[in-house]
Every structure is written in structure tokens, then in C-alpha cells.
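Summary of the model geometry
Each chain is listed here by its residues.
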Amino acid sequence: MPYRDGMSARTRSEERRAEIVRAALEVIAERGYRGASLAAVAERVGLTQQGLLHHFPTKDALLVAVLEERDQWDAVPNTGWRVDLLISLVEYNAMRPGIIQTFSALLGESVTEGHPAREYFTQRYVRVRENMAAVLRAEYGDRLPNGLTPERTAPLLVAVMDGLQYQWLLDPESVDMPGALRDFLRLLGEDGS
């Protein structure tokens, strides 16, 4: 029976950690990383700050957990993606404004020297550009219809997708993310449908 009790304690701990991560996502979306406090996250889940530190010993550890959780939701496989499926990803993102807001707030803050997410985002963009270049190469070969290589086009595609998110967060009624991405894909030579 002790083994079973241990499992339930571990399960409770995992559930509590997930609850804390969700609360941290909300607080970061509202206040940004620098404005978010462990006390605010703890209060949101009904813990003391000391209780929260039992699960996440530092604010940086909590930030890493938030970023890893977000990556689980947005995981794009390295293979099997097509350019036209990127529109589906953008449509999916439009249904999750809180997640997009958190990501955007952290991304914006991470460009400052010493930010704990700077290395994460730097490495993430290396992977994303590589993945986008692979998607473009699979679709078009070594040259897109506009003459650019997949490696030259990938940063532009990523910039358009992320830039659309910022514009949409600021004015969701005026910015049609999927429609704008379709327009950009047309510029690449894709029909965008």
C-alpha cells in the first residue's frame, strides 16, 4: 500500500505543478515576466510563496517550466509539415490569445541582456528557422518561385508569423492572421488556400 500512496502523492504534486504553470502563464500574460511575482502566482493557486518554492525553487525555474509547457502545445514536428498547414497553426493560435500574449510578452522581454529566457528564445529561433527552411525545401526544392532559397526565406516567414501575432494581439478585430499569412504565402509562390 505505501507504493500506491507514493504514486498518489506524486500525482498530486504533478497536478499542483501543472496548476502553478497555468497560473504563471496567466500572470506573465497580464504583467510580463519582470512584473510577475512568485507571490502573485502563489496567491492565484492558493499557496504561500514558500509553498510555491517547494515546486519551483526559483522564478527562473518556473519560467522554464512555462516555456516548456507552451512548446508542448505548439510542437511542430520536424517532418511532415507542409507550407499550407502553417495557416492551420495560425488559426489555432488565434483561438488561444492568452498563450500568444504570454509568448509575445516573454519574447519581447527576452531581448534584454541578462533575461533568463534570452538563451531559450535564441535557441528556439535557430530550431524554428531550420524547421521552416526544411518545410520550404520539401515544398519548393532549392529555390522558391520568387528565386530565394529556403534558408533566405525562412527568417522572413518566421518574422511574418510572429509579427502578425503582435499586431493581432493589439487589434484583433482589424488583423486577420490567417488571411495575412495566406497573402504572404502568395508572395512566396504558394496559392495560400
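For the structure given in this document, a descriptive report is provided here. (Residues numbered from 1 in each chain as written. Predicted model: local features only at pLDDT ≥ 70, side-chain atom pairs only at ≥ 80, totals over all residues. Heavy atoms only, no water.)

A few words now on the overall build of the protein. In terms of regular secondary structure, the protein is built from 9 helices and 0 strands. Counting from the amino terminus, the protein carries its helices and strands in the arrangement α-α-α-α-α-α-α-α-α. Counting over 193 residues, the protein shows a buried share of 40%. Considering only residue pairs separated by 6 or more positions, the protein has 63% of its internal contacts joining residues 24 or more positions apart. Of the roughly 10700 Å² that the protein leaves accessible, carbon and sulfur atoms contribute 53%. (Helix = DSSP H or I, 4+ residues; strand = E, 2+ residues; numbered from the N terminus. Buried < 20%, exposed > 50% of the residue type's maximum accessible area, 1.4 Å probe, protein only. Contact = heavy atoms within 4.5 Å. Areas by Shrake-Rupley, 256 points an atom, 1.4 Å probe, with all protein chains shown as cover.)

Scanning the entire structure with this criterion turns up 7 salt bridges. Across the pair glutamate 26 and arginine 44 runs a salt bridge whose closest N-O atoms are separated by 3.2 Å. Within this pair, whereas glutamate 26 is found in helix H1 (residues 2-35), its partner arginine 44 is found in helix H2 (residues 38-44), the two being separated by 18 residues in sequence. By relative accessible area, arginine 44 is classed as partly exposed at 34%. Arginine 137 is the salt-bridge partner of aspartate 142, the closest N and O atoms lying 2.6 Å from each other. It is possible to trace a salt-bridge network through shared partners that takes in Glu26, Glu30 and Arg44. (Salt bridge = Lys/Arg side-chain N within 4 Å of Asp/Glu carboxyl O.)

For the rest of this paragraph, the subject is empty space enclosed by the protein. Applying the stated rule across the entire model yields 1 cavity of 30 Å³ or more. Approximately 60 Å³ is the volume found for the largest cavity. Together, Ile28, Tyr33, Ala36, Ser37, Leu38, Val41, Lys59, Leu62 and Leu63 line the largest cavity. Elements supplying a minimum of two residues to the lining of the largest cavity: H1, H2 and helix H4 (59-73). With 3 residues, H4 is the largest single contributor of residues to the lining of the largest cavity. In terms of residue class, the lining of the largest cavity is built from 7 nonpolar, 1 polar and 1 charged. (1 Å grid on protein atoms, 1.4 Å probe; cavity = no way out; pocket = protein on both sides within 12 Å on 5 of 7 lines; lining within 4 Å. Points joined across faces, edges and corners; volume = space filled by probe spheres on them. Nonpolar A, V, L, I, M, F, W, Y, C, P; charged D, E, K, R; others polar.)

Keep in mind these numbers describe shape, not what the thing actually does.
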